[in-house]
Amino acid sequence: MEECPAHGVASEFDPFDIADPFEFYARVRAEEPVFFSEELGYWVVSRYEDILPIFKDPATFSSENTQAPYKPRPPEVQQILDEGEFRAYSGLSARQPPDHTRLRGFINKAFTPRRVATLEPGIRELVSATIERFRERGHADLVSELTRDLPAFVIFRLLGIPDEDVPNVKMWAESRVYLNFGDLPLDEQLHHAENLVKYWRYCLELVEKRFDEPRDDLPSDLVRIYQDGDKSISIDEMAGLVYGQLTAGQETTASLLAEGLRLLLTQRERWEELCADSSLVPGAVEELLRLSTPVFAWKRKVKKPATIGGTVQVNEGANVLLLLGSANHDGAMFHDPEAIDPRRENSRQHLSFGHGIHFCLGASLARLEAQIVLEELTARIPGLRLVPGQKFEYQANTTFRSPHAVLAEWDTTGPLVLPLERCSPDDVELVGGKAASLGAMIAAGLPVPPGFAVTTEAFGDELGEPVAKAIATAYAALGNDVPVAVRSSATAEDSSEASFAGMQETYLWVVGEEEVLERVKGCWDSLRSDRSLAYRHDRGFDDTDIRMGVVVQQMVDARAAGVAMTLNPSNGDRTVIAIESSFGLGESVVGGTVTPDSFLVDKVMLELVKTDISAKASELVRDPSGHGVLEKPVAAERCTQPSLTQDEVKAVAALAKRAEQHYGSPQDVEWAIDESGVVLLQSRPETVWSRKPDEAAKKPAYSFGMNSLVNTLVNPLASRRTDVDPDD
């Protein structure tokens, strides 16, 4: 097929205007998916199904023209490059086998998963510090204050660039983009050519210095491999790899973050889902990679006659432009392509990292950076939203699409809901003691059912619309009408001074959005009950500013449940773990409505040293209606059977011991057993014997059996809860 002027819809193609090309892309995919652009002198390919085979056939469609300008460089520009001894050809993207195979194999020895993994703590610290610089302000340009420089600092640290050199190196890397992928007047090209010479010299000197002054960075790793005997690479090629990665590692990720955040905040319901459920973040990253397409278009050169799209024949030597930004929005490949769907099953089949031998070397690093940014932003500023009425502007070029600015604002109050995995001991004033404890257990790797905290920022006399919406979104993220427990989590709760056990409301087997909202309000109201106020007054807590968090946590359909203390509650002996257990849900044990089985386990060897099996007349189970729980009798032949096997006793004891080791003090743990095994529902500090280290020796070794039974009958909570001093 002869090259001919574009006609029909393709005649509207402006290759350098990528501000909002998606309506045009949809039309051209349908009407003229492969066409010739006279302005570029390139065949343009728009459909996913046509681009993927081109990536898979590098022998026919070579990447050798990837870094070449669309139009021949003016003599004045070439003169500057020649006189400056500019020898940078390409790091990897434009290299062909066998050179590409050789260089990729060499850098793979240095750019290892271990090297990327070591960057995670530093990236998270950098992201957190960056966000904290503007978090209290309530507004920011996310581009200039976060996404533009963050990827540069990450890749520059990997490549050993001192922080003070970052502005210059970033400017030089941008000149490479403008010169190779833009359409600039001569005077601007001359300026960028001078920057390219400086950029190349800097990369060359960086590698040469590492021969004498090795450091813990990627150039030093390359030099070390070279010095250890692998001479398959030259000094210029090492400098070329640095030159390529300095650009690829920052411009692409900066584009992903800036455009990705703009898209996510435009579809803000998806943002709210991520705030409620951080497990969706990896899927969201893939969707933002797909929709933002950091490398928006890529080039190939035809090495032998070929057919594209089944009908268009191209000759040897022809240039081809692959519209990756169109392919990733192709409805034939991705259902409802403009929607961000973190649960999309085929989202990782996007072409944002290319495909085949030229698949992006830094893909894992880009994913890691994006994931950390989303995790930290959703946790620290969940109320983030776009400033209304702003216009988004993009640099004119074919390949890197990123808005110049993304203006955002937010209320400076804290989040209304917070996933349990994001709660920590530092957040007690925000989420309450119970939620903070659950978050700490999750961080320690202990098995805890999923859920979220309704924060003290949401606390009030009534459930306003923003609070109700935030709770509903977080609840929906747990699944479709998942049964949950709704439990109070006051700011003084589960502290070492007082446990508040049984002082505020707990609701079990709550199902449906409406009921969850009603039960959250019930927990709030219980904070003002006479019993709760009296308890606070007796222990000297201030009643003038009382607030409450609420834990909403997926229910465990427990076969058995109970409590475990990492000391003997009768005498303070810290060498044992005391476990009390009954059939069904653990509230029957905690509330004293049943005389539980009692087990004493040696803390060191985890051996069972004493067992008392009681007659458990009733158990607490879910109501057959699907809402709430009910107490039902235990069959006579079953009531005297042990509620736990010996292996289960040891498993409970092992988890209680791990909780104590994590917190560094004796713990009072609530647990349950379902089909998956033992899970922990709560862990609070033991509040009496842990403050009396000398008392243990004065007490008898065990106090179970009749003593336990009498204690339960007289004061059911005191026998298992230690927030009341036995000497009082």
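Please read these numbers as outputs of a predicted model, since none were measured by experiment. (Residues numbered from 1 in each chain as written. Predicted model: local features only at pLDDT ≥ 70, side-chain atom pairs only at ≥ 80, totals over all residues. Heavy atoms only, no water.)

Concerning the overall build of the protein
Inclusion rule: Strands are runs of DSSP state E lasting at least 2 residues, helices are runs of H or I lasting at least 4, and numbering of each runs from the N terminus. Between buried and exposed lies partly exposed: a residue is buried under 20% and exposed over 50% of the maximum accessible area for its type, with that area taken using a 1.4 Å probe on protein chains only. Residue contacts are defined here by distance: any two heavy atoms, one from each residue, within 4.5 Å place the two residues in contact. Where accessible areas are quoted, they stem from the Shrake-Rupley method and a 1.4 Å probe; at the residue level, only the protein chains shown are allowed to cover.
Helix and strand content of the protein: 24 helices and 23 strands. The proportion of buried residues among the 728 residues of the protein is 57%. In the protein, 73% of the contacts between residues at least 6 apart in sequence involve partners at least 24 apart. When the accessible surface of the protein is summed, it comes to about 30000 Å², and 50% of that surface belongs to carbon and sulfur atoms.

Quick word on the side chain of H350
Filter applied, for reference: Pairs of N or O atoms within 3.5 Å make up the polar contacts considered here, provided that, within protein, one atom can donate a hydrogen while the other can accept it, and that residues adjacent in sequence are counted only when both atoms are side-chain atoms.
Within the element layout of this structure, H350 appears in the loop between α15 (324-327) and α16 (363-380). At a separation of 2.9 Å, a polar atom in the side chain of H350 contacts the side chain of E286. Once residues within four sequence positions are removed from consideration, H350 is found in contact with E286, L289, R290, N328, F334 and R367.

So, the confidence of the model for the protein
Our working rule: Known as pLDDT, the predictor's confidence for each residue is given on a scale from 0 to 100.
Put simply, the protein has an average pLDDT of 86, and 89% of its residues get 70 or more. Mean pLDDT in the protein bottoms out at helix α24 (residues 706-714), which sits at 36, and peaks at α15, which reaches 98. In this model, residues 493-502 is a region of pLDDT below 50 whose contacts with residues beyond four sequence positions or in other chains number 35 contacts. A low-confidence stretch, residues 694-728 stays under pLDDT 50, and its non-local contacts, those more than four residues away or across chains, total 71 contacts.

Section: the side chain of E287
Within the secondary structure layout, E287 lies in helix α14 (residues 281-292). Judged by its relative accessible area of 0%, E287 falls in the buried class. If sequence neighbours within four positions are ignored, E287 has contacts with A339, I340, D341, P342, R344 and S347.

Examining the sheet that holds strand β4 (residues 139-141)
Keep this limit in mind: Pairing between strands is defined by DSSP: at least two bridges between the two strands are required.
One open sheet holds the three strands; their spatial order is β4-β10-β9, and the pairing between them is antiparallel. Two strands in the sheet have a free side with no partner beyond their single neighbour: β4 and β9 (385-386). Where β4 meets strand β10 (residues 407-409), three bridges bridge the pair, whose relative direction is antiparallel. Within the sheet, the bridge partner assigned to D141 lies in β10 and is L407.

A word on the nonpolar core
Short version of the rule: Only buried residues count toward a nonpolar core. Its members are Ala, Val, Leu, Ile, Met, Phe, Trp, Tyr and Cys residues joined through side-chain atoms within 4.5 Å.
Among the nonpolar cores identified, the biggest contains 90 residues, and L246, L365, L374, L377 and L384 are the most heavily contacted of them. In this structure, L246 is in contact with I155, F156, L159, I161, V169, Y199 and C203, ignoring residues within four places of it in sequence. The next biggest cluster of nonpolar side chains, apart from the first, holds 43 residues, and it includes A458, A468, L527 and M548.

Comments concerning the pattern of salt bridges
Selection rule: The salt bridge criterion pairs a side-chain nitrogen of Lys or Arg with a carboxyl oxygen of Asp or Glu, the two atoms within 4 Å.
Scanning the entire structure with this criterion turns up 39 salt bridges. Notably, a salt bridge pairs R348 with E286, separated by 3.3 Å at the nearest N-O pair. Taken together, the residues R348 in the loop between α15 and α16 and E286 in helix α14 connect sequence positions 62 residues apart. Accessibility expressed as a relative area gives 4% for E286, which makes it buried. For D557, the salt bridge goes to R622, with nearest N and O atoms at 3.8 Å. Of the two residues, D557 is situated in the loop between β15 (548-554) and β16 (560-565) and R622 in strand β20 (residues 618-622); the sequence distance between them amounts to 65 residues. Within this structure, E120, R124, E132, R135, E136, E375, E376 and R380 form a network of salt bridges that share partners.

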